[in-house]
Amino acid sequence: MSDSVRLDQTDQWQALRRHYEETRDQQLRELFAADPERGSRYALEAGDLYVDYSRNRVTDETLRLLRELAAARGVTELRDAMFAGEKINFTENRAVLHVALRAPRTATIEVDGENVVPAVHEVLDRMAQFADQVRSGEWTGFTGRPIRNVVNIGIGGSDLGPKMAYEALRTYSDRSRVFRFVSNVDGADLHEALRDLDPAETLFIVASKTFTTVETITNATSARQWLVSGLGDEAAVAKHFVAVSTNADQVAKFGIDTANMFGFWDWVGGRYSFDSAIGLSLVVALGPERFREMLDGFHQMDEHFRTAPPERNLPMLLGLLGVWYDDFYGAQTYAVLPYSHYLSRFTDYLQQLDMESNGKSVDRQGRPVEWETGPIVWGTPGTNGQHAYYQLLHQGTKLVPADLIGFANPIAELGDLAGQHDLLMANLFAQGQALAFGKTAEEVAAEGVPAEQVPHRTFRGNRPTNTILATELTPSVLGQLIALYEHKVFVQGAIWGINSFDQWGVELGKVLAKKLEPRLSGAEDTGDLDGSTASLVRRYRELRGR
Ligand SMILES: O=P(O)(O)OC[C@H]1O[C@H](O)[C@H](O)[C@@H](O)[C@@H]1O
């Protein structure tokens, strides 16, 4: 495989290093002055997304060298292997086929010689049928009342996707019903979700790929107790609990009839799963048609990623720009700043997508990497952050590349009262402008600012952003956006030579928590623990009066 040579020993990497040393101090102001067309030349369109990447510290030469690196690292070959159903998640011996979840009915995608597309559509059809039954009131609770509340119980990939997409698309949702998402093993989460609900009208969707995740099983157990005690009959479970999982045995063991189970497959990673049956709560909220529009949006971006040449390939471009800042400029983080309140959960979702995929420190050959891998992803919707942490973005010592995301049309059921949308978007454009071009000391002084204040009021600028624009936040556009980031993360993992598809790093804490639990209750001794943990556990017991 082309990544058997260490990344930092490739000619392309060395060439980029030299290029970085030569260009590191170049200024966006100068780049724009030298090329009046830059703003329109450095823009790409894919599907409904328009991306302006002109405010990056790159030239044609940088982009060419980055594309050469991608070619040398076999990014397109790995992409083709993914689309072909090869087991590129080699530590778990699994294919990586979330793209099959949104493939059209007529497509053929094989895993171990079997076309998986018919099974995908069979589940989608069952989900649609079930959602229609709930939405029409035909599916009733145990006492014959229609379902008014839907509570998704899941965590990680079985929670963040549906929760984010429900928030993003709530104007398309059935407003007569309540949708809640419970994830945390802290009982407060479930308590707050259920405290004002009537069990006779409440449906639980227990979503877990493995159906062994302790948080989810514990919350589902509590929810079942709440339901049975509310309705006074174990038999009520059948009408109020459905499951989404790859593990039918565990679902049956938990006591959910597998006739009420919606399946998916081991080739769907948790963080890539919300367009599988994990999106069942979303299908109930939006209706099957809207959900399919979202899948079509994903598919559009998949096709773009699969077929567009590297120089016009959006996920490739964003991935390469990320590598440029992460590995050469040493940026530790990047911010995703959606100027849409409906995208309030978007960054939470991206954190799992990106950080669980690329938070790795050995390459595919098991050798420690000598280069930076996945960045820290963070951010909140604009304009809120502007009044909180943007100070650091503008004048701090750290370089924080950012993606600004905005939409031409508001989705406001109330109408655009007071013209708020132009104000919102003016802020988005202004932030990109201020970050890129800053304000020089001369400009500050020319405004009559006293000399001693000038340094404090100067903005160095030269801080990179991408601006992502679309007409409106529709289900399809959301699908396109998510797929864009999925494939961007893929490109970066391929360049770094890591396995972006496993997540062994989450295991150790789970195992240790299981061992510690009996020690917290005092059932087991703390003698074998390290000094710090032992004293914390003893203090905890004291505080709890044990
Ligand atoms: O869907 P589940 O099997 O319950 O897993 C839920 C989540 O927990 C795990 O610890 C993984 O880190 C995630 O990738 C996964 O999405």
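Everything quoted here is computed from the prediction, not taken from an experiment.

Once that is clear, we can look at the pattern of salt bridges. Under the counting rule described, the total for this entry stands at 33 salt bridges. For Asp 60, the salt bridge is made with Arg 41, and the minimal N-O distance between the two is 3.3 Å. With a gap of 19 residues between them, Asp 60 in helix H4 (residues 60–72) and Arg 41 in helix H3 (residues 38–41) connect regions that are remote in the sequence. Note on Asp 60: relative accessible area 42%, which makes it partly exposed. Between Arg 102 and Asp 275 there is a salt bridge, with its nearest N and O atoms 2.6 Å apart. With Arg 102 in the loop between helix H5 (75–83) and strand E3 (110–111) and Asp 275 in the loop between strand E9 (261–263) and helix H12 (280–286), this residue pair connects regions lying 173 residues apart in the sequence.

This part takes up the pairing of strand E7 (residues 202–207). With six of six residues buried, E7 lies mostly within the body of the structure. Side-chain alternation along E7 places Thr 202, Phe 204 and Val 206 on one buried face and Leu 203, Ile 205 and Ala 207 on a second face that is also buried. In the sheet, strand E5 (residues 149–153) pairs with E7 via five bridges, with the strands oriented parallel. Following the sheet pairing, Asn 149 is matched in E7 by Thr 202. Relative to strand E8 (residues 241–245), E7 runs parallel, the two being bridged by four bridges.

To find leftover empty space, a probe the size of one water molecule is rolled over the atoms. Scanning the model with the defined rule gives three cavities of 30 Å³ or more in all. Space inside the largest cavity adds up to approximately 180 Å³. Considering the residues around the largest cavity, the lining is formed by 18 residues, among which Gly 322, Tyr 325, Tyr 334, Pro 401 and Lys 488 are closest to the centre. Elements with a minimum of two residues in the lining of the largest cavity: helix H14 (314–328), strand E10 (333–338), strand E12 (402–407), strand E13 (465–470) and helix H19 (475–496). Counting residues per element, the lining of the largest cavity draws most heavily on H14, at five residues. Split by residue class, the lining of the largest cavity holds nine nonpolar, six polar and three charged. Of the pockets and cavities examined, the second largest cavity occupies roughly 50 Å³. Lining of the second largest cavity is provided by Leu 101, Val 120, Val 123, Leu 124, Met 127, Gly 263, Phe 264, Trp 265, Asp 275, Ser 276 and Ala 277.

For the rest of this paragraph, the subject is the domain arrangement of the protein chain. One widely used convention gives an interface's size as the accessible area the parts lose upon coming together. For the protein chain, the assigned domains read domain 1 (7–73 + 309–496), domain 2 (110–290) and domain 3 (504–544). When each unit is reduced to the centre of its C-alpha atoms, the spacing between domain 1 and domain 2 is 35 Å. The junction of domain 1 with domain 2 conceals about 1800 Å² of combined surface from both sides, 63% of it contributed by carbon and sulfur atoms. Where domain 1 touches domain 2, the interface holds one salt bridge. Here Glu 356 makes a salt bridge to Arg 271, at a shortest N to O gap of 3.0 Å. Linking domain 1 with domain 2 are five residue pairs in polar contact (both at pLDDT 80 or more), by the criterion used here. Listed by contribution, the elements that provide at least two residues to the side of domain 1 that touches domain 2 are helix H15 (346–358) and H19. Looking at the side of domain 1 that touches domain 2, the element that brings in the most residues is H15, giving seven residues. Its residues assigned to classes, the side of domain 1 that touches domain 2 comprises eleven nonpolar, four polar and seven charged.

Definitions and limits used
Residues numbered from 1 in each chain as written. Predicted model: local features only at pLDDT ≥ 70, side-chain atom pairs only at ≥ 80, totals over all residues. Heavy atoms only, no water. Salt bridge = Lys/Arg side-chain N within 4 Å of Asp/Glu carboxyl O. Helix = DSSP H or I, 4+ residues; strand = E, 2+ residues; numbered from the N terminus. Buried < 20%, exposed > 50% of the residue type's maximum accessible area, 1.4 Å probe, protein only. Pairing = 2+ DSSP bridges. 1 Å grid on protein atoms, 1.4 Å probe; cavity = no way out; pocket = protein on both sides within 12 Å on 5 of 7 lines; lining within 4 Å. Points joined across faces, edges and corners; volume = space filled by probe spheres on them. Nonpolar A, V, L, I, M, F, W, Y, C, P; charged D, E, K, R; others polar. Domains from an automatic or database assignment. Buried area = accessible area lost by both parts, 1.4 Å probe. Polar contact = N/O pair within 3.5 Å; in protein donor to acceptor, adjacent residues only side chain to side chain.

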